[in-house]
Amino acid sequence: MAKSVTTVNLSLIFRIAVASIWLYAGVLEKLLNPGFLNPASTDYVGLTLQYLAEGSIIKGFLYAISVSHPTLVGVLVMTGEISFGVLTLLGLMTRLANTVAFYTNLIYFLSASWTGAEEYGINLLMMIIDAYLIAYGSGKFSIDSVIAKKVKIIDNIKLWIIVGSIIYVAVIIFLLM
């Protein structure tokens, strides 16, 4: 019994923590930043993508996927970050949202880890939390737990990992076109 109580508490704490990071990044740093999608601004996403690609171990991938479509990638990143935050905070489609979020954090990690410990640390920590939420779910205090009483598929870890992986690969393929 103590293990399940701990899991419920950890899931809720992790959901609040990771959702607040996603929402801060997506809303405050991107949506409410008038320069984020403005090519004339020093805050323009294209400048950030160019900078991150230069020293990254996935430089070729970043140039093929993101540097060539900076505004589209900026909109996708902003939308993803806000979606991950809202879904994770509510505990709705948690495994799916955190599977896609895991891949997003992995790309951020590989793109920005060379810039310093802050980027390395936050993305690594978020990947660990994403993996926990994928494995253990959103816990008792979530919309998923209410849905799972009627629809058992919500607890199917493999299904949501596969669906999340397909979504992420589809976005990459779309950006390569």
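A quick note: this is a predicted structure, and the numbers were derived from the prediction, not measured. (Residues numbered from 1 in each chain as written. Predicted model: local features only at pLDDT ≥ 70, side-chain atom pairs only at ≥ 80, totals over all residues. Heavy atoms only, no water.)

1. Observations regarding the confidence of the model for the protein
The line we're drawing: Per residue, pLDDT captures the predictor's confidence, and it can take any value from 0 to 100. Where helices and strands are cited, they refer to DSSP runs of H or I of at least four residues and of E of at least two residues respectively, numbered from the N terminus.
Summary statistics for the protein give a mean pLDDT of 92 and a share of 95% for residues scoring 70 or more. Between the elements of the protein, mean pLDDT differs from a low of 86, seen in helix α1 (residues 2-31), to a high of 97, seen in helix α4 (residues 70-90).

2. Topic: a nonpolar patch on the surface
Formally: Patch criteria: residues need more than 30% relative accessible area and no salt bridge. Like-charged residues are merged within 9 Å; nonpolar side chains of Val, Leu, Ile, Met, Phe, Trp and Tyr are merged within 5 Å. Values of accessible area rely on a 1.4 Å probe in the Shrake-Rupley scheme; residue burial ignores everything except the protein chains shown. For salt bridges, the criterion is a side-chain nitrogen of Lys or Arg within 4 Å of an Asp or Glu carboxyl oxygen.
A surface patch of nonpolar side chains, about 710 Å² in accessible area, is lined by Leu72, Leu76, Ile167, Val169, Val171, Ile173, Phe174 and Met177. Breaking the nonpolar patch down by element, the ones donating at least two residues are α4 and α8 (157-176). Secondary-structure assignment places Leu72 in helix α4.

3. Quick word on the pattern of salt bridges
Counted only if it meets this: Throughout, exposure labels follow a simple rule: accessible area from a 1.4 Å probe, protein chains only, divided by the maximum for the residue type, with under 20% read as buried, over 50% as exposed, and the rest as partly exposed.
Scanning the model with the defined rule gives 3 salt bridges in all. Of the charged contacts, one joins Glu54 and Lys59 as a salt bridge, the two residues approaching to 3.7 Å between their closest N and O atoms. Residue classification places Glu54 among the partly exposed positions, given a relative accessible area of 41%. Arg95 is the salt-bridge partner of Asp155, the closest N and O atoms lying 3.6 Å from each other.

4. Some remarks on the packing of aromatic side chains
Operational definition: When the centres of two rings from Phe, Tyr and Trp lie within 6.5 Å, Trp using its six-membered ring, the rings pair. Their planes under 30 degrees apart give stacked, over 60 give edge-to-face, and anything left gives tilted.
Enumeration over the complete set of coordinates arrives at 7 aromatic pairs. Plain terms: the ring middles of Phe102 and Tyr103 are 6.2 Å apart, the flat faces sit at 75° to each other, and that makes the pair edge-to-face. On the basis of relative accessible area, Phe102 is assigned to the partly exposed category, the value being 25%. In this structure Tyr103 comes out as partly exposed when scored by relative accessible area, which is 25%. With a centroid separation of 5.5 Å and an interplanar angle of 40°, the aromatic rings of Tyr103 and Tyr168 are classed as tilted. Taken as a pair, Tyr103 in helix α5 (residues 94-112) and Tyr168 in helix α8 lie far apart in primary sequence, 65 residues in all. Classification of Tyr168 by relative accessible area gives buried; the value is 18%.

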